[in-house]
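A structural walkthrough
What follows is each chain in one-letter form.
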Amino acid sequence: MTVHQARNRRQEIPLKLELRGITKRFGDLVANDHIDLTVEPGEVHALLGENGAGKSTLMNQLYGLLQPDEGQIVVDDEPKVFRSPRDAIAAGIGMVHQHFMLVPVFTVAENIALGHEEVRGGPLGWLDRRRSRRDVIETSQRYGLPVDPDALIEDLPVGAQQRVEIVKALTRDVDLLILDEPTAVLTPQETEELLTVMRSLTDMGKSIVFITHKLKEVKSIADRITVIRRGKVVGTASPQTSEDELASLMVGRAVNLEVTKAPAEPGRNVLKISGLVVDDDRGTHAVQGLDVVVRAGEVLGIAGVQGNGQEELVEAIMGLRPVRAGTVELDNEDLSGMSTKQILRSGVGYIPEDRSHDGVVKEFTVAENLVLDMYDRAPYGNAFKLNPAKVAESATERIAQFDIRCQGPETAVGTLSGGNQQKVVVAREMSRPLRLFVASQPTRGVDVGSIEFIHGRIIHERDQGTAVLVVSSELDEVVGLADRVAVMYRGRILAVVSPDTPREEIGLLMAGITGGEEESK
Amino acid sequence: MTAEPRKPDEDSFVSHFVRNLWSANSVTVTFLSAVLAVVIGAVLIVVSDSEVLAKFSYFTARPGDALTASWELISTAYSNLLKGALGDPEAYSAWFSGTGTWQDALAPISETLTYAAPLVFTGLSVALAFRGGLFNIGAQGQAVLGCITAGVVGFSFGLPIVLNLLIALIAGLLGGALWGFIPGILKARTGAHEVITTIMLNYIASLFLSWLVLQKGIQDPDRTDAISKAVAESAQLPSFGGVLRVHLGILLALAATFGVAWLLNRSAFGFELRAVGANPHAAETAGISVARTYALLMAVAGGLAGLGGAVQVLGTAHALTPAVAGNIGFDGLLVALLGRNKPWSTFFAALLFGALRAGGNRMQSFSGISLELVTVLQALIVIFIAAPALVKAIFRLRASRNLRSGVTLAKG
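Residues numbered from 1 in each chain as written. Chains lettered and ligands numbered in written order. Predicted model: local features only at pLDDT ≥ 70, side-chain atom pairs only at ≥ 80, totals over all residues.

1. Brief notes about the domain arrangement of chain A
All names here are of chain A.
- In terms of domains, chain A is made up of domain 1 (103-172), domain 2 (256-347 + 436-521) and domain 3 (359-432).
- The distance between the C-alpha centroids of domain 2 and domain 3 comes to 26 Å.
- Taken together, the contact pairs 9 residues of domain 2 with 8 residues of domain 3.
- Here the side of domain 2 that touches domain 3 gets 5 residues from one element, more than from any other, and that element is helix α16 (residues 448-463).
- Of the residues contributing to the side of domain 2 that touches domain 3, the split by class is 4 nonpolar, 2 polar and 3 charged. (Domains from an automatic or database assignment. Contact = placed C-beta atoms within 7 Å. Helix = DSSP H or I, 4+ residues; strand = E, 2+ residues; numbered from the N terminus. Nonpolar A, V, L, I, M, F, W, Y, C, P; charged D, E, K, R; others polar.)

What follows is the structure, encoded as structure tokens:
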């Protein structure tokens, strides 16, 4: 009863949150250094910072997953101690994690009920599924968040799964919602939808803490912005602040958001793909008779809405997916049928789309990850044994050269921030002579400072005369990097255009609409 | 800055010590698991003794009786366990004063090492496979195959002394490797789960052995029961003889541990298998063939378990019987678990299991406590190791109170 009374009181006066001097240390690392933060009722408070700045650590303390070493959490002028998320939820704070906490084989209603199931007939009674379903429908209607209570989580797209997470938090009667990098996994359309939902939630008096490193989103939604760098609050800003200012506040120095590059000097045809057919996991043709050419010293960007065969194309080039028909030629040598190792060894560098799944071995050290594809070659080793001294030596060099922020070559990669993990992958793939460089979503989930760095390295590689193929679902990135933009639609290249082509035109092509005769060279 | 920075010397030495103890130290957890297992074992010893239990029926009247009797029972049982595993102090002093022989004094340690030797191999087999992401439940079957091939080679060809032993060991290794390679290649080619296939192969191996020892040319012609001809002396692992059964196998086990540690940390294949074990997708993307790694890894793991079987036959049993491999494969699973899949920890875990087994024999004959208690102790240790949170929860009560008072101090 007391909980209910407390909730009723809060619904009249929306929740006000204050963090005072929050400090959290992990060993020698000070993840949060006396952070003060106030979230007013009904506002969207953006917490902006690079990966590894300590945003998630701060929010995990607020949600009871971690306990602060120092400092206080004050809810409605009352100091609170959260020992577990349960305490935080009871105080009206909910969180949607970057990686969803959902059971894939359960339905939406079951997932939402999980943890506070409605049970009839005592502690060993049966689940009241009907009531759980009703709760879900009620909440989803009240907040305008359409979810199907009977759908299985594994069948839902990522955006819908996120909606389920939000509904789940809202059914717990929370008044403050923490969204941890909610847009990192979303398509542009889904991001738009999420921002709309956030606005309607704040209209109903909820407050939102929005963790992100994407400047555009911050500017479009936040009422106030707090910037965190290396565990400290370095400033607060209003949404009117320019992107460049925000970026430099975040990174601690002036940042160039545009890719600067000299005009390309394309040479011979390095990669020549003709009539390529590749199947997806379900056995249907994802790439259907694709032709494309990448020349030495140029960046070919592939633009397209995700799921039009880009992933399968890249995997086929790398020998990770069988080629059903057609040829993939590297300097007139057919790559189809070669093993991934042979392809890598013939001078192809590769940044996979999903870094933590395919890019790095998190349990391995930075040094080991840097030689993941070179461990059995001189000077790092031979077919039988490794040369740990050489591995460590070259790792130290790479760490300096690629500005990988870590405690040393022996640090486990899993402890690094996303941007630094990606730099490990980039460093590894650029540490040998290349003819072709294939980068799939090279800056996904990477902070502003690292994006600038990785883009710079890609252009540098191009200027060395390497042929570069960039696939990205962010049109800005494709247009910024590419010398030629190939628009991919339903497994084919629909048109190859110049990056100066108006965005609307490229957007139409991405939707499969060709306006008469397009330039295609 | 609202709160005072916390000074480390605010903590008492004890709470500091306790905190260090709890900083997820696996050695500590292992030690405390053993302590817990011993405590629970003590309860089981008392409960299973009817005489002592009878004294508990009038516990309220004369608690001393029951407690004294329990204490005596427990202390003699465990001291016999220790004596059986490490040696009797009396025998040692007899040796040093010249009234006894060194063989008698060292016999318990010899027993410990004898039991431990094959377990080192099977433990390493499981541990290595696990580092590559495979559950080798088949160490038992691979060990049985190793027993068979080593045994048969051992009594079939009358080769000269060193050569015969060498060939027999290699045969054991190859037998086990074959038995490991089958599930490995099945996994690589068809994706068949190694847990299922290795369990099935365990049955096949063990039934094959039962059939084989009764066949003509294998069975000892002078016997009617299921036992094979004896392994030629030239193929036996050299030992001290007499009460000292310990044989060269323990040194081979030591060498194997060195070898596996090197393989894991220094070799190209070790790098591959660790990468595949930790993230097969990233390994594949980096050009490592996951299928090839699985097949090869299972063959190597099988070879290790096969050597364990060979050591058992050539060092201890000297002939094949249906039960010649005992439980060494399954115990290897526990040993690897206890050793957290690290080569040297696995080696010491095998020594501990060997010691428990050797001590258990003495405990059974001197205190009349069933050898099964040792199995229970082994199982309890492993359960506690597998659930470090449980061990921490049991021992943590005081520690967490200290921590909490520390937090209050900092706030005040």
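2. Notes on the confidence of the model for chain B
All names here are of chain B.
- Model confidence for chain B is summarised by a mean pLDDT of 87, while 90% of its residues fall at 70 or above.
- Segment residues 1-11 is flagged for pLDDT under 50; beyond a separation of four residues in sequence, or across chains, it makes 16 contacts in the model.
- Contacts from residues 20-24, a stretch scored under 50 in pLDDT, to residues over four places away or in other chains number 4 contacts. (pLDDT = per-residue confidence, 0-100.)

3. A closer look at the sheet that holds strand β17 (residues 333-334) of chain A
Residues and elements named next belong to chain A.
- The strand order β14-β13-β16-β17 describes an open sheet built from 4 strands, whose pairing is antiparallel. Edge strands, defined here as strands with exactly one partner in the open sheet, are β14 (285-295) and β17.
- As paired elements, strand β13 (residues 269-279) and β14 share 8 bridges and run antiparallel to each other. Each residue of the ladder has a partner; that of Leu-276, found in β14, is Leu-290. (Pairing = 2+ DSSP bridges.)

4. Overview of unusual backbone geometry
- Residue Pro-379 of chain A is reached from Ala-378 of chain A by a cis peptide bond, and omega for that bond is 0 degrees.
- Note that Pro-379 of chain A resides in the loop between α13 (366-370) and α14 (388-401).
- With phi around 60 degrees, Asp-173 of chain A is a residue other than glycine that occupies positive phi space.
- Within the element layout of this structure, Asp-173 of chain A appears in the loop between α6 (158-171) and β9 (176-180).
- By C-beta crowding, Asp-173 of chain A is classed as partly exposed, having 17 other C-beta atoms within 10 Å.
- Despite not being glycine, Asn-341 of chain B has its phi angle at roughly 60 degrees, a positive value.
- Position of Asn-341 of chain B among the secondary structure elements: in the loop between α14 (328-338) and α15 (343-367). (Buried ≥ 20, exposed ≤ 12 C-beta atoms within 10 Å, placed from the backbone.)

5. Things to note about the UniProt feature "transmembrane region" (unreviewed entry) in chain B
Residues and elements named next belong to chain B.
- Taken from the UniProt record, the annotation "transmembrane region" (unreviewed entry) applies to residues 21-47, 112-130, 142-159, 165-186, 195-214, 246-264, 294-314 and 375-395.
- Between the end C-alpha atoms of residues 112-130 the distance is 26 Å, and the span holds 100% helix and 0% strand.
- Secondary structure content for residues 375-395 is 95% helix and 0% strand, and the end C-alpha separation is 24 Å. (UniProt positions renumbered as here; feature names shortened; annotations may be inferred.)

6. Some words on the nonpolar core
- The biggest cluster of nonpolar side chains holds 261 residues, and the ones touching the most others in it are Val-470 and Val-487 of chain A.
- Setting aside chain neighbours within four positions, we find Val-470 of chain A in contact with Val-299, Gly-301, Ile-302, Ala-439, Pro-442, Ile-458, Val-478, Leu-481 and Ala-482 of chain A. (Core = buried A, V, L, I, M, F, W, Y, C linked by C-beta atoms within 7 Å.)

7. Examining the environment of Thr-466 of chain A
All names here are of chain A.
- Residue placement: Thr-466 occurs in the loop between α16 and β20 (467-471).
- On the basis of neighbour counts, which here come to 24 C-beta atoms within 10 Å, the residue Thr-466 falls in the buried class.
- Each C-alpha atom of the pair Thr-466 and Ala-296 lies 5.2 Å from the other, and the pair is 170 residues apart in sequence.
- With residues near it in sequence (within four places) discarded, Thr-466 still touches Leu-434, Arg-435, Leu-436, Phe-437 and Glu-461.

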